[in-house]
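# An overview of the molecular structure
Chain by chain, the residues:
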Amino acid sequence: MHILVPLLGVGGLFLLGLLGAAAGMEWVFGILVPYAALALFLGGLIYRVIGWANIPVPFRIPTTCGQQKSLPWIKQQKLDNPSSTLGVVGRMALEVLFFRSLLRNTKAALVDGNKLAYGTDLSLWLGAMAMHWSLLIVLIRHLRFFTNPVPSFVTFIEQTDGFMEVGLPVIFATTIVFGVALAYLLYRRVAIPQVRYLSLASDYFALFLLLGIGTSGFWLRHLDKTNVAAVKELALGLTRFAPGVPDGISPLFYGHLFLVSVLLSYFPVSKLVHMPGVFLSPTRNLANNNRAVRHVNPWDYPVKVHSYEEYEDELRDKMKAAGIPVERQ
Amino acid sequence: MSKPDEPDYYKREDLLKLDWRPPNTPWMDTPVDMRPGSFIYPGKPKNLKVLELPNPREWAVTDDDWKLPEDWQQTVLEGMAERLKRYRTFRIFMDTCVRCGACADKCHFFIGSGDPKNMPVLRAELLRSIYRKDFTALGRVFGGLAGGRELTEDVIKEWFYYFFQCTECRRCSVFCPYGIDTAEITMIGRELLGLLGIYVNWVIEPVANCYKVGNHLGIQPHGLADTLEFMAGDIEEATGIKVDIPINKKGAEILFVTPSGDFVADPGIYTCMSYMLLFHELGIDYTWSTYASDGGNFGLFTSHETMKRLNAKIYAEAKRLGVKWILGGECGHMWRVIHQYMDTMNGPADFLEVPQSPVTGTVFENARSTKMTHLMEFTADLIRHGKLKLDPSRNDHIRVTFHDSCNPARAMGIFEEPRYVLRNVCNNFFEMPENTIREQTFCCGGGAGLGTDENMEMRLRGGLPRGNAVKYVQDKHGVNQLAAMCAIDRATLVTVCDYWAPGVKVTGISELVANAMIFEGEKERTHNLRLEPIPGMGDAEQGERSDD
């Protein structure tokens, strides 16, 4: 159920786009839906991030993963336990760009029936890095559909990405990396019993959606060899708010575009918001300078305490008998 | 016949049959197995009444009816809504988890029990499933398919079981790519349970004691004076030194605060005796407080509000006594509260001065707002400046390893200070494997208010990763003592080591310091602070032989 429903869902969505366009509704799937999806994506994301940002951070609770700043002769680990804003920026950069925390990943094993061992396990880190970085490069490559003239950095990335010079048109390295990485992430979700046990339908849905987008994109470029000029005309029209549906675009393209639209709309209401969320995570984005700089809780309120006066009133006789100084005799 | 609250009840080979494969039923359809030895008894009504907490009543975990208040669902959902608006952590941690599973085998309870709901991600899903159903659009529409579920009494029981099967050690949050901190989830989860009057007595009785009498153990002021005097007697017997016992002394320079576990429990008392010796030798003008006689704070394991209520005493007492600054002893969760919460909750401490060592003149700039310094920072500075006369060979019969306590490790990052001290007072110091120390340290299995015998099975299971690493250095290096700067460790790791690495004793760091210190006017040191003969010192060996 958890796997089948999202798989069928993604397949159905793809067909919906494809058949809809084939049935003459190109303007719906080529213009209306992408615009709506983009609006949902941007609006939803802004709503999400502003929503988070408006929630107070009552306490400063960074997870410290290295030596603190204390005495001058003890070397602080400034990136894993930052005490300054600069250190925090460094820590966040490592986290966002290189998935620092995943890089620590270990795998527990029982050896000889009575010894626990923890080996370094980089497979998830590798899979995640490969997927996210190749996705970023694929996205940058797609800028050539939305720009005229195409900026030089896009052309540069495209040429570098096509260094293998295999196929016509050239097969990009990131296409393969993206596909393999996604396939691995799907594989581990199904194959590792614990991960499979905790996975929800939405976890598979996100993977199938990305796989569907990647596969249909590959198909478009390498098998269908779709009319790229027409696609670019459509894309440019969208960016210039002068949309039009050119002739000669394969319905397959609308399937691809519809999945992208679904991804964009789904993004802000799903776990995919981890992308902006990581920047706001209080265990990572705060400096461990707790005892040096006071952190203020905006909703702090007075609480009922047992005052010293009450305490002494209750225990005065015993304190006096034990020779402990008291405030009032 | 031993009982489920005794370690002997459990066979090592049984506990070592680790099966990390999940059951065939989905977790939402797998009921909780409330077996004796795996849960803690409920809070007694008298303790709830002291603290004016809701719904005080007699009930048992194994009862069908937990006597929840009539509108309990609304209470929980409103409680969640309120906390989602107050804690960015809670909201972000509910929203961003991708269920990658990196945290799964990082939890000592999962490693030791194989129960999938002890995977930090599933522990959070216990709450997140309710959040989805009642607070997100997708959950409202798609329900179970989106990972949502109804809030039922069984959910409450499951929360109780698993939020009191988490020691808030934060090891998983080191590995989480989004820094999701299960301690935060568990703290909120326990707060929500608290709204219904669901507490465990092992936590709420100490809280009630601490609230009324000043410390978790309920030691009254005269009792504390007696305890310290008794220790002074033992100190004199071991060293020939007569120490002063300043109590509630107005105008002292330093208020000393330590966890109350150091007052009664073996081996914590030796650590406490060592504090007294250290301050005596240095001629430090300090005072104990009977009102603020616990730095430990089981409020941290109850609710943010309770934490604040208990912690308020420390600054209040510092102000009343007119001290300049505060020094804190060897404790784990106390230091999480001091370091990450105290100044925010009960500060600013603008009536105090920035801590400055009266011995070395060092100003502790890292504590310039809180005005509270860790004893290991203080001691490391003393040693660095050559202010302690040390003879580490007195500890030569000890082969020591160091257990990083969870909170000082992952909420402060105090790694080098204790190690520097240890290396200067012991000649034989050995580290446990690197994936089990520093920020990756494993919990004792009894933190966050779980250090009772009622849940012995879970303590032994949760203590397995730590105990196993101790066993490793015991086998490899002949380690016979484990040092820890945490009172809960000094209480719980005794059981864990006896079970998983028999022969390894537990000690505080200060105890090793005091045993290595050469005091002005000391008598010949033939016995350590435990009044055990020191091998190779004076007639101690002969004494031992004649005992045979």
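Up top is the structure these notes are about.
Every chain begins its residue count from 1, and numbering advances along the sequence as written. By the order in which they are written, chains take letters starting at A while ligands take numbers starting at 1. Local features in this predicted model are restricted to residues whose pLDDT is 70 or higher, and side-chain atom pairs enter the listing and the counts only when it is 80 or higher, whereas totals over whole chains, interfaces and linings include all residues. Heavy atoms from the whole structure form the basis of all side-chain values; hydrogens and water molecules are not counted.

## Observations regarding the overall build of chain A
Put simply, the test is: Where helices and strands are cited, they refer to DSSP runs of H or I of at least four residues and of E of at least two residues respectively, numbered from the N terminus. Each residue gets one of three labels from its accessible area relative to the maximum for its type: buried under 20%, exposed over 50%, partly exposed in between, using a 1.4 Å probe on protein chains only. It only takes one pair of heavy atoms within 4.5 Å for two residues to be counted as in contact. Here the Shrake-Rupley method, with its probe set to 1.4 Å, supplies the accessible areas, and only the displayed protein chains count as covering residues. Neither His nor the chain ends is counted toward charge; the positive residues are Lys and Arg and the negative residues Asp and Glu. Working definition for charges: the position is that of NZ of Lys, CZ of Arg, CG of Asp or CD of Glu.
The number of helices and strands found in chain A is 13 helices and two strands. If you line up chain A on its principal axes, its C-alpha atoms span 100 × 55 × 45 Å. In chain A, buried positions account for 50% of the 329 residues. In chain A, the proportion of contacts linking residues at least 24 apart, taken out of those at least 6 apart, comes to 64%. For chain A, the exposed area adds up to about 15800 Å²; of that, 70% sits on carbon and sulfur atoms. Side-chain charges of chain A comprise 28 positive and 20 negative groups, with the mean position of each set lying 5 Å from the other.

## A few points about the sheet that holds strand 3 (residues 325–328) of chain B
Residues and elements named next belong to chain B. Basically, it comes down to this: A strand pair is defined by DSSP finding two or more bridges across the two strands. Axes here refer to lines fitted to C-alpha atoms; in helices the fit is confined to the stretch in contact. Angles between the N-to-C directions go from 0 to 180 degrees.
The strand order 2-1-3-4 describes an open sheet built from four strands, whose pairing is parallel. One side of each edge strand has no neighbouring strand; the edge strands of this open sheet are strand 2 (286–287) and strand 4 (372–374). Helix-sheet contacts for helix 16 (residues 333–346) involve strand 1 (254–257), strand 3 and strand 4, and the interaxial angle to strand 4 is about 145°.

## Observations concerning the side chain of B:Asp181
As a reminder, the rule being used: Two N or O atoms form a polar contact when they lie within 3.5 Å of each other; inside protein one atom must be a possible hydrogen donor and the other a possible acceptor, and for residues adjacent in sequence the pair counts only when both atoms belong to side chains.
One can find B:Asp181 in the loop between helix 9 (171–175) and helix 10 (182–195). Engagement of the side chain of B:Asp181 in a polar contact is seen with the backbone nitrogen of B:Ala183, the distance being 3.0 Å. Other than its neighbours up to four places away in sequence, B:Asp181 contacts A:Ile61, A:Thr283, B:Phe93, B:Arg170, B:Ser173 and B:Arg336.

## Quick notes on the interface of chain B and chain A
To keep it simple, the criterion reads: Buried area: the accessible area, evaluated with a 1.4 Å probe, that two parts lose upon being put together, summed over both parts. Throughout this description, the term salt bridge denotes a Lys or Arg side-chain nitrogen within 4 Å of a carboxyl oxygen of Asp or Glu. Think of it as three bins: nonpolar holds Ala, Val, Leu, Ile, Met, Phe, Trp, Tyr, Cys and Pro, charged holds Asp, Glu, Lys and Arg, and polar takes everything else, Gly as well.
Listed as interface residues are 114 residues of chain B and, on the opposing side, 92 residues of chain A. The contact between chain B and chain A buries some 8800 Å² in all, and 59% of this surface belongs to carbon and sulfur atoms. On the chain B side of the contact with chain A, B:Arg88, B:Arg99 and B:Thr344 bury the most area, a combined 9% of that side's loss. As a salt-bridge pair, A:Glu327 and B:Lys250 come within 2.5 Å of each other at their nearest N and O atoms. Our enumeration of links across chain B and chain A arrives at 71 residue pairs in polar contact (both at pLDDT 80 or more). For the side of chain B that touches chain A, a count of residues per class yields 53 nonpolar, 27 polar and 34 charged.

## Comments concerning the packing of aromatic side chains
Geometry of an aromatic ring pair is reported as the spacing of the ring centres plus the angle between the planes. Counted only if it meets this: Stacked, tilted and edge-to-face pairs are distinguished by plane angle, under 30 degrees for stacked and over 60 for edge-to-face with tilted covering the rest, among Phe, Tyr and Trp rings (Trp via its six-membered ring) whose centres lie within 6.5 Å.
Scanning the entire structure with this criterion turns up 37 aromatic pairs over all chains. Considering the side-chain rings of A:Trp299 and A:Tyr301, the 6.4 Å spacing of their centres and the 25° angle between planes classify their relative orientation as stacked. Classification of A:Trp299 by relative accessible area gives buried; the value is 16%. Residue A:Tyr301 is classed as partly exposed on the basis of its relative accessible area of 28%. Three or more aromatic residues link up through ring pairs in this structure, and these residues are B:Phe256, B:Phe263, B:Tyr275, B:Phe279, B:Tyr286 and B:Trp288.

## Quick notes on the nonpolar core
The line we're drawing: Residue types Ala, Val, Leu, Ile, Met, Phe, Trp, Tyr and Cys, when buried and joined through side-chain atoms within 4.5 Å, form a set referred to as a nonpolar core.
One finds B:Leu127, B:Ile156, B:Trp159, B:Phe160, B:Ile198, B:Tyr341 and B:Leu482 to be the most contacted residues of the largest nonpolar core, which totals 169 residues. In this structure, B:Ile254, B:Met334, B:Ile383 and B:Leu529 belong to the second largest nonpolar core, which totals 83 residues.

## Some remarks on a nonpolar patch on the surface
Using the following cut-off: Note that patches include only residues with greater than 30% relative accessible area and no salt bridge, and the join distances are 9 Å for like charges and 5 Å for nonpolar side chains (Val, Leu, Ile, Met, Phe, Trp, Tyr).
Taken together, A:Met1, A:Val5, B:Val141, B:Phe142 and B:Leu145 make up a surface patch of nonpolar side chains, about 500 Å² in accessible area. Inspection of the secondary structure assignment puts A:Met1 in the segment before helix 1 (4–22).

## Here's the deal with the environment of B:His397
Residues and elements named next belong to chain B. Relative to the assigned elements, histidine 397 resides in the loop between helix 17 (375–384) and strand 5 (400–403). In the structure, histidine 397 is positioned 83 residues away from asparagine 480 in sequence and 8.8 Å away in space, judged by C-alpha atoms. Non-local contacts of histidine 397, meaning those with residues more than four positions away in its chain, are made with Asn480, Ile534 and Pro535.

## A look at helix 10 (residues 228–239) of chain A
Residues and elements named next belong to chain A. Defined as follows: Multiplying one less than the number of residues by 1.5 Å gives the expected span of a helix.
Taking 1.5 Å per residue as the helical rise, helix 10 with its twelve residues ought to reach 16 Å, and the 16 Å between its terminal C-alpha atoms agrees with that figure. Listing the buried residues of helix 10 in full gives Ala230, Val231, Lys232, Leu234, Ala235, Leu236, Gly237 and Leu238. Against helix 2 (26–53), helix 5 (123–146) and helix 11 (251–266) lie the buried residues of helix 10. Where helix 10 begins, the capping side chain belongs to asparagine 227, and its oxygen is found 3.3 Å from the backbone nitrogen of alanine 229. Two residues or fewer after helix 10 comes phenylalanine 241, characterised by a positive phi angle close to 55°.

## A few points about the pairing of strand 7 (residues 481–484) of chain B
Residue and element names in this part refer to chain B. Cut-off, in case you're wondering: Note on handedness: a crossover is taken as right-handed if, strands pointing away from the viewer, the path from the first strand over the helix to the second is clockwise.
Judged by which residues are buried, strand 7 turns out to be covered on both faces: Gln481 and Ala483 on one side and Leu482 and Ala484 on the other are all buried. Here strand 5 pairs with strand 7 via four bridges, running parallel. The partner of threonine 401 across the bridge, within strand 7, is leucine 482. As for the winding sense of the linkage, the β-α-β connection from strand 7 through helix 22 (residues 487–500) to strand 8 (residues 505–507) is right-handed.

## A word on helix 10 of chain B
Residues and elements named next belong to chain B. The end-to-end C-alpha distance of helix 10 is 20 Å, a good match for the 20 Å that 14 residues give at a rise of 1.5 Å each. With 13 of 14 residues buried, helix 10 is to be regarded as a mostly interior element. Two or three places before alanine 183, at the start of helix 10, stands the capping residue aspartate 181, its side-chain oxygen 3.0 Å from that residue's backbone nitrogen. Remark: glycine 197 follows helix 10 within two positions and exhibits a positive phi of approximately 80°.

## Structural notes on unusual backbone geometry
In this structure, the amide linkage connecting A:Leu168 to the following residue, A:Pro169, adopts the cis form with an omega of -5°. Looking at the element boundaries, A:Pro169 is found in the loop between helix 6 (152–161) and helix 7 (173–191). At the junction of B:Gly347 and B:Pro348, the peptide bond is cis and its omega measures out at 0° in the coordinates. Relative to the helices and strands, B:Pro348 is located in the loop between helix 16 and strand 4. Even without a glycine there, the phi angle at A:Asp112 is positive, about 55°. As for its placement among the helices and strands, A:Asp112 is situated in the loop between strand 1 (106–111) and strand 2 (115–120). Unusually for a residue other than glycine, A:Phe241 sits at a positive phi of about 55°. Summarising the element assignment, A:Phe241 is placed in the loop between helix 10 and helix 11. A:Phe241 gets classed as exposed once you look at its relative accessible area, which sits at 66%.

## Thoughts on the pattern of salt bridges
Pairs can form between side chains of opposite charge once their charged atoms are near each other. Per the stated rule, a full pass over the model turns up 56 salt bridges over all chains. Of the charged contacts, one joins A:Asp203 and B:Arg99 as a salt bridge, the two residues approaching to 2.7 Å between their closest N and O atoms. Of this pair, A:Asp203 sits in helix 9 (residues 201–223) while B:Arg99 sits in the loop between helix 4 (88–96) and helix 5 (108–113), on two different chains. We classify A:Asp203 as buried; its relative accessible area is 0%. With its nearest N and O atoms 2.7 Å apart, the salt bridge here joins B:Arg525 to B:Glu522. Of the residues examined, B:Arg525 reaches a relative accessible area of 5% and is grouped as buried.

In short, geometric facts, not functional conclusions.
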